[in-house]
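If you want the building blocks of each chain, they are given just below.
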Amino acid sequence: MTMQSNWQSLADKSLAGEVLSRDEAHAVLTAPDDQLLDQLAAAYRVRRAAWGNRVRLHFLLNAQSGLCPEDCGYCSQSKISAAEIEKYPMMAQERIMEAADRAAQLKAGTLCMVISGRSPGETVFGKVLDAVKAVRAKHDLKICACLGLLNEEQVLRLKEAGVETVNHNLNTSANYTPEIVSTHTFEDRVNTVEAVKAAGMKTCSGGILGMGESDDDVIDLALSLRELDVKSVPVNFLIPVPGTEFAGHNQLDPRRCLRILTLYRLLLPTQEIRISGGREVHLRSMQVMGLYPANSIFVGDYLTTQGQTARDDLRMIEDAGFVLETPDGEPFTGDPFEGVPESYPRAPLPLIEV
């Protein structure tokens with residue numbers, strides 16, 4: 001695209017269900033900074049059509065940390081990582097329930113239960129099922145499970161236990177996957193997403209940006225997610241954790257992140273787009289601007305790194321005129337700060353700066 005790029009024409013195209021051309025997608029990613037606000041305004045038109053001014057909150061629980069046999073270069077839990085993180089087997093159900101209590105206290109609509117590893121063994125899988133049933137019996141929380149590679153039979157068992165969504169990120173394009181991991185393929189990840197779809201469950205799949213991928217890889221990942229008709233898309237920005245293979249990667253700044261979010265909203269007009277890991281690290285003082293293309297964030301900490309406090313997240317949402325969304329998809333009408341503590345026990349690692 002040339003011209004004083006007419007980003008609203010791309011919003012029109014997106015709202016009509018049309019796919020942006022590759023040239024148009026490249027134009028979004030390479031636009032000059034003085035057009036960023038116009039891009040965000042176009043993205044917000046598309047976001048507002050599907051999601052209004054609501055913001056979904058998800059709470060992330062790292063129910064099993066480290067001890068992973070995979071060699072993902074971005075991950076502090078992989079077998080090749082020397083990062084200083086907590087490593088522990090599957091949490092006791094009592095601790096999982098404490099996390100669920102906190103998720104409800106912080107007004108999250110979804111508890112995202114994550115375990116490290118390639119694929120769960122039967123013992124761990126059984127503990128996950130039991131924990132899901134216990135959480136659902138106590139709280140009006142939706143459950144998203146992220147358990148690694150799964151087959152359709154396992155997905156059906158999760159569904160029967162009360163899991164609504166299964167997360168399995170594609171992470172990057174098919175072309176770039178061999179550059180970030182050798183112990184599984186892009187097709188392995190697609191197969192898990194397809195198994196979730198076949199079981200009639202909600203699919204959650206996104207990626208990690210800032211791992212050295214090209215603009216074409218950024219575009220191809222979004223197009224793959226669109227082709228799979230993924231319903232929820234977490235967009236992570238690489239946190240270059242010391243001790244990981246990708247510790248030296250630093251190709252992101254707030255404007256680049258916002259342009260990526262804008263592109264993903266234009267290519268994925270009706271999907272839930274969640275700003276996930278790296279929000280505080282890379283968007284920094286411009287975090288709130290990410291809510292114009294995206295409609296969801298994690299509240300609290302991430303898998304092995306800290307986020308900002310829940311009260312800061314809630315204040316940011318309120319200050320921008322957005323409203324929280326309840327688990328049933330309606331605007332939250334109460335006091336979002338009621339019962340939310342001023343502080344809470346932090347993860348052992350501080351916020352990473354780049």
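Residues numbered from 1 in each chain as written. Predicted model: local features only at pLDDT ≥ 70, side-chain atom pairs only at ≥ 80, totals over all residues. Heavy atoms only, no water.

## Looking at the pattern of salt bridges
When charged atoms on two side chains of opposite charge get close, those side chains can pair. Heads up, the rule is: Any carboxyl oxygen of Asp or Glu that lies within 4 Å of a side-chain nitrogen of Lys or Arg is treated as forming a salt bridge with it. Per the convention used, a helix needs a DSSP run of H or I reaching at least four residues, while a strand needs a run of E reaching at least two, with both numbered from the N terminus. Each residue's exposure class comes from its accessible area (1.4 Å probe, protein chains only) as a fraction of the maximum for that residue type: buried when under 20%, exposed when over 50%, partly exposed otherwise.
Tallying each qualifying case throughout the model produces 21 salt bridges. Note that Asp 216 and Arg 22 form a salt bridge whose closest N and O atoms lie 2.8 Å from each other. With Asp 216 in helix H9 (residues 215–227) and Arg 22 in helix H2 (residues 22–30), this residue pair connects regions lying 194 residues apart in the sequence. The exposure class assigned to Arg 22 is partly exposed, which follows from its relative accessible area of 35%. With a shortest N-O distance of 3.4 Å, Arg 274 and Glu 272 are connected by a salt bridge. Arg 274 sits in the buried class, given a relative accessible area of 3%. Since its relative accessible area comes to 1%, Glu 272 is described here as buried. The network of salt bridges with common partners includes Arg 54, Arg 56, Lys 202, Glu 272, Arg 274 and Glu 325.

## A closer look at the state of the cysteines
Rules: Any cysteine sulfur atom paired with another within 2.5 Å is treated as part of a disulfide.
In total, this model carries zero disulfides according to the counting rule given. Sulfur of Cys 204: no disulfide; nearest cysteine sulfur belongs to Cys 144 and is 4.6 Å away. With relative accessibility at 2%, the residue Cys 204 sits in the buried group.

## A closer look at the environment of Leu 228
Note the following rule: For this analysis, residues touch if any pair of their heavy atoms sits within 4.5 Å.
Note on placement: Leu 228 falls in the loop between H9 and strand E7 (232–237). Residues Leu 228 and Asn 169 lie 59 residues apart in sequence; the distance between their C-alpha atoms is 12 Å. Beyond its immediate stretch of four places on either side in the chain, Leu 228 contacts Leu 170, Val 190, Val 193, Glu 194 and Lys 197.

## Examining helix H8 (residues 186–198)
As a reminder, the rule being used: Expected helix span is computed as 1.5 Å times (number of residues minus one). As used in this structure description, the phrase polar contact means that two N or O atoms lie within 3.5 Å; if the pair is within protein, one of them must be able to donate a hydrogen and the other to accept it, and residues adjacent in sequence are counted only when both atoms belong to side chains.
Between its terminal C-alpha atoms H8 stretches 18 Å, which fits the 18 Å expected from 13 residues at 1.5 Å a residue. Taken together, the buried positions of H8 are Phe 186, Arg 189, Val 190, Thr 192, Val 193, Ala 195 and Val 196. The elements touched by buried residues of H8 are helix H6 (152–161), strand E4 (165–167), helix H7 (177–180), strand E5 (202–204) and H9. Two to three positions downstream of the cap, the backbone nitrogen of Glu 187 sits 3.3 Å from a side-chain oxygen, assigning the N-cap of H8 to Thr 185. Among the residues trailing H8, Gly 200 stands out with phi positive, at a value near 75°.

This is a description of form; function is not addressed.
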